[in-house]
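# Overview (structure and organization)
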Amino acid sequence: MPSTITEKILARAAGRDEVHAGENLPVRPDRMMAYDFPGYTDVMFRQMYDDFAITELAEPERYVVFIDHMLTRGDGREQEVHQVTRDWCEHYGIALHEADGIGHQVMVEKGYVVPGAFLIHFDGHVSGAGAFGALGWGVRRDLLEGWVTGQLFLDVPATTRFDLVGEFAPGVDSRDLVHEIIALLGADGCAHQVMEFGGPGAETMAIGHRQSLCGMAMFTGAVSAVFEPDDKARTHLEALGVAGGEPVLPDAGASYAARHTIDLSALRPRVVEPGSARAGNTRHATELAGTPVTKAFIGSCASGRIEDIRAAAAVLDGRHVAAGVDLNVVPTSQSVHDQAEAEGLLDVLRAAGASVARSSCDFCFGYQKPLQPEENCISTGVLNISGRMGSTAANVYMGSATTVAASALAGTITAAEGVTRQ
């Protein structure tokens, strides 16, 4: 029976010839990942040892942990949280990556993401692995089931297919695409499904933009997202020294819950109003033009890759951010930081008045430089609910790196259509 990419990946992980949407069955992830965060990993660590008496792991290579939150204050609380993680990883002999960058980017750089792989994490942004034809699924606290048993029971999700045509215009990227999809289908338009992307437009998209799009899948209600793997994905992984995996393509005649065609060339810059990325908050940037901003942020697991930093530098090159605007740029990993430094991009941003910080998740969740009451921030972060980046009396707008840079330059929300960087 014809299958989607997701059905094929889960069939392999379940040891079955085929699976179909709606089935509930045990599946064996290739990698089980987490980042340390109080109330999550520390609790699960204790449960593994105290409640399940697991003193050693049969396959420690399947477990991966990242330290990418709470890195910027340098206080005792941070060290306490991280030391619990260090001790746990040392005890069980599993890989720990500390301060290399945001885990959802570092997992690619370290070779954990290959085509056809199935990965789980408690955080849903692991879906960014879909840029490479892998299936990354955020299972919340059900991660404990995987940690303890090596597998977990899942309902095989239906798939919504997006056939992409055309090519992004300058100043438009995947952040505008995901919010276009939300505007069209709603914040639950792909609820409990996987978004599958393909077509000639998908092939034109930069890898970083694919990662961004897949990493934001949860805001359509989807459990994950996946691109058809192609030569661009393969070449990117090869450049990182990553080999392995088995590219998986959908069968002709595969059954989809819905199918949509989107012309990338028709998209315009979008900005999301404060309160969440629901359809009613998703506007064309021109509709919010003139809204004052005091803070601007380029970074997060969805944005802050080299494509985003290049886009921001193209806008800001030879210019300076507006008086009263604090622009902060956080490369998604140390590797991205080093590449941006080598290309001279960070010098351009610093000359324009931006502050460049070490890679972490701390700006995105309001831990570093939290917003103050009445501040307006334009951000490439992943969420803009009340209090996400600091005070509940602050306002967070979301847009692409190009839109954030243009808004920082103007001091008000504005688009920068037509801007590009070679």
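Throughout what follows, the structure given in this document is the object of discussion.

The rules behind each value
Residues numbered from 1 in each chain as written. Predicted model: local features only at pLDDT ≥ 70, side-chain atom pairs only at ≥ 80, totals over all residues. Heavy atoms only, no water. Phe/Tyr/Trp six-rings, centres within 6.5 Å; stacked < 30°, edge-to-face > 60°. Helix = DSSP H or I, 4+ residues; strand = E, 2+ residues; numbered from the N terminus. Buried < 20%, exposed > 50% of the residue type's maximum accessible area, 1.4 Å probe, protein only. Axes fitted to C-alpha atoms, helices over the stretch in contact; angles between N-to-C directions. Parallel < 35°, antiparallel > 145°, perpendicular 65-115°, else oblique. Left-handed = near helix turned anticlockwise from the far one by under 90°. Contact = heavy atoms within 4.5 Å. Nonpolar A, V, L, I, M, F, W, Y, C, P; charged D, E, K, R; others polar. Pairing = 2+ DSSP bridges. 1 Å grid on protein atoms, 1.4 Å probe; cavity = no way out; pocket = protein on both sides within 12 Å on 5 of 7 lines; lining within 4 Å. Points joined across faces, edges and corners; volume = space filled by probe spheres on them.

Moving on, we get to the packing of aromatic side chains. The full count for this structure, using the stated rule, is 11 aromatic pairs. Between Phe45 and Trp88 the ring centres are 4.1 Å apart and the planes differ by 20 degrees, which places this aromatic pair in the stacked class. A residue pair is termed long-range when its members are at least 10 positions apart, and Phe45 in helix α2 (residues 41–51) and Trp88 in helix α3 (residues 76–92) qualify at 43 residues. When its relative accessible area of 4% is taken as the criterion, Phe45 is described as buried. The class for Trp88 is buried, based on a relative accessible area of 7%. Consider the rings of Phe297 and Phe363, whose centres lie 5.6 Å apart with planes at 20 degrees: the pair is stacked. Of this pair, Phe297 sits in strand β14 (residues 295–298) while Phe363 sits in the loop between β16 (355–356) and β17 (376–379), and the two are 66 residues apart along the sequence.

What follows concerns the packing of helix α10 (residues 306–316) against helix α13 (residues 401–410). At a minimum axis distance of 8 Å, the contact between α10 and α13 shows a crossing angle of 30 degrees. Taken together, the axes of α10 and α13 are roughly parallel relative to one another. Both α10 and α13 take part in a crossing whose hand is right-handed. Note on element contacts: α13 touches α10 through Ala401, Thr402, Ala405, Ala406 and Leu409, opposite Asp308, Ala311, Ala312, Val315 and Leu316. Grouping the amino acids of the contact of α10 with α13 by side-chain chemistry returns 8 nonpolar, 1 polar and 1 charged.

Two modes of strand pairing occur in sheets, parallel and antiparallel, and in both the strands are linked by backbone hydrogen bonds. Spatially, β10-β9-β8-β11 is the arrangement adopted by the 4 strands of the open sheet, whose pairing is parallel. The sheet is open, and its two edges are formed by β10 (224–227) and β11 (258–263), each paired on a single side. Neighbour-to-neighbour, the strand axes of the sheet open up by a mean angle of 20 degrees, direction not taken into account. Inspection of the sheet shows strand β8 (residues 159–165) paired to β11 by 6 bridges, in the parallel sense. Bridging from a neighbouring strand, Asp163 pairs with Thr261 of β11.

Under the defined criterion, the tally for this structure stands at 1 cavity of 30 Å³ or more. In this structure, the largest cavity spans a volume of roughly 60 Å³. Ranked by residues supplied to the lining of the largest cavity, first place goes to β14 with 3 residues. Residues of the lining of the largest cavity, tallied by class, amount to 6 nonpolar, 1 polar and 2 charged.

We now examine the pairing of β8. Counting buried positions over the 7 residues of β8 gives 6, a clear majority of the element. Sheet analysis places β8 next to strand β9 (residues 194–198), joined by 5 bridges and oriented parallel. Bridge assignment links Thr160 to a residue of β9, and that residue is Met195.

On the secondary structure map, Thr403 appears in helix α13. Judged by its relative accessible area of 0%, Thr403 falls in the buried class. In this structure Thr403 touches Pro269, Val271 and Thr414, once residues within four positions along its chain are discounted.

This next bit is on the environment of Gly201. Structurally, Gly201 is set in helix α7 (residues 200–204). On the basis of relative accessibility, which here comes to 0%, the residue Gly201 falls in the buried class. As a C-alpha pair, Gly201 and Ala95 span 106 residues in sequence and 37 Å in three-dimensional space. Here Gly201 is in contact with Leu164, Val165, Gly166 and Leu264, once residues within four sequence places are set aside.

A separate point is the layout of surface pockets. In this approach a probe as big as a water molecule rolls over the atoms, and the regions it shows empty are the leftover space. In this model, the second largest pocket occupies a volume close to 450 Å³. Every residue lining the second largest pocket is counted, 21 residues in all, and those nearest its centre are Tyr35, His69, Asp123, His125 and Arg388. Taken together, the residues of the lining of the second largest pocket break down into 13 nonpolar, 5 polar and 3 charged.

Next up on the list: the environment of Cys364. Take Cys364: it is sitting in the loop between β16 and β17. Overall, Cys364 belongs to the buried group, its relative accessible area being 7%. Beyond its immediate chain neighbours, meaning those up to four positions away, Cys364 contacts Phe297, Ser300, Gly381, Val382, Arg388 and Met389.

What follows is about unusual backbone geometry. Trans peptide bonds make up most of the peptide bonds, and negative phi angles are found at most residues other than glycine. A positive phi angle, close to 60 degrees, is found at His192, a residue other than glycine. Considering the arrangement of structural elements, one finds His192 in the loop between α6 (174–185) and β9. Given the relative accessible area of 63%, His192 is considered exposed. Its identity as a non-glycine residue notwithstanding, Glu374 has a phi of 75 degrees, on the positive side.

With that settled, the discussion passes to the sheet that holds strand β6 (residues 135–138). Across the sheet, which stays open at both edges, the 5 strands sit in the order β4-β3-β2-β5-β6 with parallel pairing between neighbours. Lying at the two open borders of the sheet, with one neighbouring strand each, are β4 (95–98) and β6. The sheet shows a mean angle of 20 degrees between the axes of neighbouring strands, taken without regard to direction. Strand contacts of α3: β3 (63–67) and β4, with the helix running at about 155 degrees to β3, the strand carrying the most contacts.

Counting buried positions over the 5 residues of strand β2 (residues 31–35) gives 4, a clear majority of the element. Bridge analysis of β2 against strand β5 (residues 118–121) gives 3 bridges, and the strand direction is parallel. Residue pairing for β5: Arg31 is matched across the bridge by Leu119. Where β2 meets β3, 4 bridges bridge the pair, whose relative direction is parallel. Bridge pairing links Tyr35 to Phe66 in β3.

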